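# Observations on the model geometry
The residues making up each chain are set out below.
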Amino acid sequence: MSRLLHYDRRNLPGDLMAAVTVTAYLIPQVMAYSSLAGLPPQTGLIVIVATLVLYALIGSSRLLSVGPESTTALMTAAVLAPLALGDPSRYIALAATTALLVGAYALLAGVLRVGFIGELLSKPVLVGYMAGVAVIMIVSQIGKVTGVDVAGDTIVEDVRVFGTTLIESGPHWPTLAIGVSVAVLLLVLTPRLPRIPVPLLVMLAATLVVSIFDLESVGVHTVGEISTDGFRLGLPSLATEDLSLLLLPALGIFIVGYTDNILTARAFASRRGERVHNNQEFFGLGAANVGSSLVGGFPVSSSASRTVIAEASGARTQLYSIMTAGLVVLSILAFSSVISAFPTAALGGVVVYAAIRLVDTEEFRRLWRFRRREFLIAIAATAGVLLFDILYGVLAAVAISVVELLTRVGRPHAAVLGRADEVAGWHDIDDYPTATQVPGLLIYRYDSPLFFANAEDFARRCRAAIESTDPPPRWFILNMEGNTEVDITGLDALEEVRQFCSSRGVVMGLDHVKSEVWSALERHAVGERIGRSHVFPTHPTAVEAFEEWSRRQKGGSVA
């Protein structure tokens, strides 16, 4: 909202051009998604007006287009069809109530400030997710672009049915020519003419070709008549028992919607060096869904295809969304005949072009060069989205990310430390072979939070370091600089190391212990057993204490 209040007028040409282009694209799209959700096609028109404006005022992304999209539309239809019992009025009320519940979940999540969950989505997950979405977008348009009927329940089934039908009857050649021509022209011209609204001009050209050659008469489909009948305004009315039936399905739709929202927002923001705010996205998504409910709509999320078209057309701020909403209203009132003449194959070509732009091949190559495991996470995210749908695919990729993280944190770098002549301080003796150790003193660092995933590894490597030191150390100092967090399993392992040292007559101490970590050690009791007198702020103070202890030992004193 504050960005719009302090609007830079230099962004106006790009935002206006994007609004015109996105309007031309989204009108048939949202009508199709409304039908997909089981509602009258015109419902999508009023829903997009409400959601674009509300998200533009509240959301944090400069480009994200929020409104009807395929995944939440499909989920809505799957959830409501068994509950509506064939009653259209009941179905509309169920859909609006579901949107209201999704909005309520999102607003509650924003109040609770649980947006940190969006930070679990790593760059490889983002790259893989967008590639998977791109493939889904392309497959969803193959029927429009080729004129071949596609009626599968999954993306794999869609491809199978398409291939079978194509072999049996072939494509509809005029439709294929329009769809492919639009996609190719956009791919060729858009990068070369960045200041010209190529998508809009290509769309108008395709419409003109269909009109001049009367291609409708040979089977080329157009958007068709736009009707504004049946708009509703107000809270949905539904019995309490029906409301309870929707609580769990709405939660699932909310999870999918937010996942899609934050992934898409972050992906576009990272391309432009911007940031989105996870908690603010809850409020933006929540407001959009509540607004959709109030106009008799259905659950909504973000559209990657509309967003990428806006970006390609020059959008810079969310003012383009507000202008788009205004143009949708204007188009319904004044230009419905022009919109009705748009060929659906051309719209499919625009989507294919947008999808191709989503696949960041250079980023895949960068992941491959950097670390193979991160490349495989991106591939897993892509495969998961394609095989298990968006939510489960992303969850699978996140799970792989977490497992990969735990693997690295569970087997972290560890080092015996010594004093190096080349640089001040204490350093890994493997990095500085000339580093020297104080005879009888072993200082060891384990570079990770100490918790359940690495507790056994920590204890094993501490024992190995002590056993491999020749002659055996008299003191073992654990540098806890890297142990920023601990849990009870990790502290049990620390106690195990202390007992091992005690059994060998080795005095154990700690240095660089953070205050919150020391509090945990005291609650566990391992801190008391080690003793506060053997906890040191720095390496030099630990060395000084060891040398003083050694002198007392030589003088016959008791440690």
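The present account deals with the structure reproduced in this document. (Residues numbered from 1 in each chain as written. Predicted model: local features only at pLDDT ≥ 70, side-chain atom pairs only at ≥ 80, totals over all residues. Heavy atoms only, no water.)

## Re the overall build of the protein
Secondary structure summary: the protein contains 22 helices and 8 strands in total. Here the protein has a C-alpha radius of gyration of 31 Å; the compact-globule value for 559 residues is 24 Å, and the former is much larger. Each of the three principal axes of the protein carries a C-alpha extent, and together these read 110 × 55 × 55 Å. Partitioning the intrachain contacts of the protein with sequence separation of at least 6 by distance along the chain shows that 79% fall at a separation of at least 24. Carbon and sulfur atoms make up 62% of the accessible area of the protein, which totals about 25500 Å². Treating the 42 positive side-chain charges of the protein as one cloud and the 49 negative ones as another, the clouds have centres 6 Å apart. (Helix = DSSP H or I, 4+ residues; strand = E, 2+ residues; numbered from the N terminus. Rg over C-alpha atoms; globule rule 2.2 N^0.38 Å. Contact = heavy atoms within 4.5 Å. Areas by Shrake-Rupley, 256 points an atom, 1.4 Å probe, with all protein chains shown as cover. Lys, Arg positive; Asp, Glu negative; His and termini not counted. Charge placed at Lys NZ, Arg CZ, Asp CG, Glu CD.)

## Some details on the side chain of threonine 76
Tracing the backbone shows threonine 76 in helix H4 (residues 70-84). With sequence-adjacent residues up to four places away left out, threonine 76 is seen in contact with Ala37, Tyr91, Ile253, Phe298 and Pro299.

## Points about the environment of tyrosine 432
With respect to the helices, strands and loops of the structure, tyrosine 432 is situated in the loop between strand S4 (426-428) and strand S5 (441-446). Residues tyrosine 432 and aspartate 421 lie 11 residues apart in sequence; the distance between their C-alpha atoms is 8.8 Å. Apart from residues lying up to four places away in sequence, tyrosine 432 is in contact with Ala420, Glu422, Val423 and His427.

## Some points on the sheet that holds strand S7 (residues 507-511)
In space, the 6 strands of this open sheet follow the order S4-S3-S5-S6-S7-S8, with mixed pairing throughout. Since the sheet does not close on itself, it has two edges, and those belong to S4 and strand S8 (535-536), each with one partner. Helix H18 (residues 455-468) rests against strand S3 (414-419), S5 and strand S6 (475-479) of the sheet, and its axis sits at about 155 degrees to S5. Contacting S6 and S7, helix H19 (residues 488-503) runs over the sheet at an angle of about 140 degrees to S7. (Pairing = 2+ DSSP bridges. Axes fitted to C-alpha atoms, helices over the stretch in contact; angles between N-to-C directions.)

## Section: the side chain of glutamate 363
With respect to the element layout, glutamate 363 can be found in helix H16 (residues 361-370). Beyond its immediate chain neighbours, meaning those up to four positions away, glutamate 363 contacts Lys123 and Val127.

## Details of H19
Given a rise of 1.5 Å per residue, 16 residues ought to cover 22 Å, and the 22 Å separating the end C-alpha atoms of H19 matches this to within 8%. Buried within H19 are the following residues: Gly490, Leu491, Ala493, Leu494, Glu495, Val497, Arg498, Phe500 and Cys501. Lining the buried residues of H19 we find H18, S6, S7, helix H20 (515-524) and helix H21 (526-530). The backbone nitrogen of threonine 489 has a side-chain oxygen 3.2 Å away, supplied by the residue at the start of H19, namely aspartate 487. Phi for glycine 505, located one or two positions after H19, is positive at around 75 degrees. (Expected span 1.5 Å × (residues − 1). Buried < 20%, exposed > 50% of the residue type's maximum accessible area, 1.4 Å probe, protein only. Polar contact = N/O pair within 3.5 Å; in protein donor to acceptor, adjacent residues only side chain to side chain.)

## Notes on helix H22 (residues 539-554)
The end-to-end C-alpha distance of H22 is 22 Å, a good match for the 22 Å that 16 residues give at a rise of 1.5 Å each. Burial in H22 covers these residues: His539, Ala542, Val543, Phe546, Trp549 and Ser550. Seen from one end, H22 has its buried residues packed into an arc of 125 degrees, which puts them on one side. Residues of H22 that are exposed and angled more than 90 degrees away from the buried face: Pro540, Glu544 and Arg551. Packed against the buried residues of H22 are S3, S4, S5, S6, S7 and S8. (Arc of directions from axis to C-beta.)

## Side note on the nonpolar core
Ranked by internal contacts, the top residues of the largest apolar core, which has 59 residues, are Leu26, Ile178, Val182 and Leu358. Take this core: its biggest share by element is 9 residues, from helix H15 (residues 344-358). Leucine 358 has contacts with Met130, Val133, Ala134, Met137, Phe268, Arg271, Ala304 and Val308, leaving out every residue within four places of it along the chain. Core analysis: the next-biggest nonpolar cluster, separate from the first, contains 34 residues, Leu39, Val66, Leu285 and Val295 among them. (Core = buried A, V, L, I, M, F, W, Y, C linked by side-chain atoms within 4.5 Å.)

## Some remarks on the packing of aromatic side chains
A full pass over the atoms with the stated rule returns 13 aromatic pairs. Geometrically, the ring pair formed by phenylalanine 451 and phenylalanine 452 is edge-to-face, given 5.1 Å between the ring centres and 85 degrees between the ring planes. A residue is classified by how much of its surface remains accessible, and phenylalanine 451, at 16% relative accessible area, is buried. Judged by centre distance (5.6 Å) and plane angle (65 degrees), the rings of tryptophan 475 and phenylalanine 546 are edge-to-face. Of the two residues, tryptophan 475 is situated in strand S6 and phenylalanine 546 in helix H22; the sequence distance between them amounts to 71 residues. Taken together, the ring pairs in this structure connect Tyr105, Phe254, Tyr258 and Phe282 into an aromatic cluster. The residue whose ring lies beneath arginine 372 is tryptophan 368, and the NZ or CZ to ring-centre distance is 3.9 Å. (Phe/Tyr/Trp six-rings, centres within 6.5 Å; stacked < 30°, edge-to-face > 60°. Lys NZ or Arg CZ within 6 Å of the ring centre and 35° of its normal.)

## Considering the pattern of salt bridges
For the structure shown, the criterion picks out 17 salt bridges. We note a salt bridge from aspartate 457 to arginine 460, for which the minimum N-O separation is 2.6 Å. On the criterion of helical spacing, the pair formed by aspartate 457 and arginine 460 is a turn pair, its members being 3 residues apart in helix H18. Since its relative accessible area comes to 42%, arginine 460 is described here as partly exposed. We note a salt bridge from arginine 504 to glutamate 467, for which the minimum N-O separation is 3.3 Å. (Salt bridge = Lys/Arg side-chain N within 4 Å of Asp/Glu carboxyl O.)

## What to know about a nonpolar patch on the surface
Residues Val156, Leu387, Phe388, Tyr392 and Leu395 make up a contiguous nonpolar surface patch of about 560 Å² in total accessible area. Of all the elements, helix H17 (residues 372-410) adds the most residues to the nonpolar patch, at 4 residues. Following the sequence through the fold, leucine 387 ends up in helix H17. Judged by its relative accessible area of 57%, leucine 387 falls in the exposed class. (Patch = residues over 30% accessible without salt bridge, like charges linked within 9 Å, V, L, I, M, F, W, Y side chains within 5 Å.)

## Observations regarding the packing of helix H10 (residues 240-271) against helix H11 (residues 278-294)
At their nearest, the axes of H10 and H11 sit 10 Å apart, and the two run at 125 degrees to each other. Taken together, the axes of H10 and H11 lie oblique to each other. In the packing of H10 onto H11, the handedness of the crossing is right-handed. On H11, the residues touching Phe254, Gly257, Tyr258, Asn261, Ile262 and Ala265 of H10 are Asn278, Glu281, Phe282 and Leu285. Broken down by class, the residue content of the contact of H10 with H11 amounts to 6 nonpolar, 3 polar and 1 charged. (Parallel < 35°, antiparallel > 145°, perpendicular 65-115°, else oblique. Left-handed = near helix turned anticlockwise from the far one by under 90°. Nonpolar A, V, L, I, M, F, W, Y, C, P; charged D, E, K, R; others polar.)

## As for the pairing of S7
Among the 5 residues that make up S7, 5 are buried, leaving the element largely enclosed by the rest of the structure. Both faces of S7 are covered, namely the face carrying Val507, Gly509 and Asp511 and the face carrying Met508 and Leu510. Here 5 bridges tie S6 to S7, and the two strands are oriented parallel to one another. Note on S7: the bridge partner recorded for asparagine 479 is aspartate 511. Looking at chain direction, S7 and S8 are connected through 2 bridges and run parallel.

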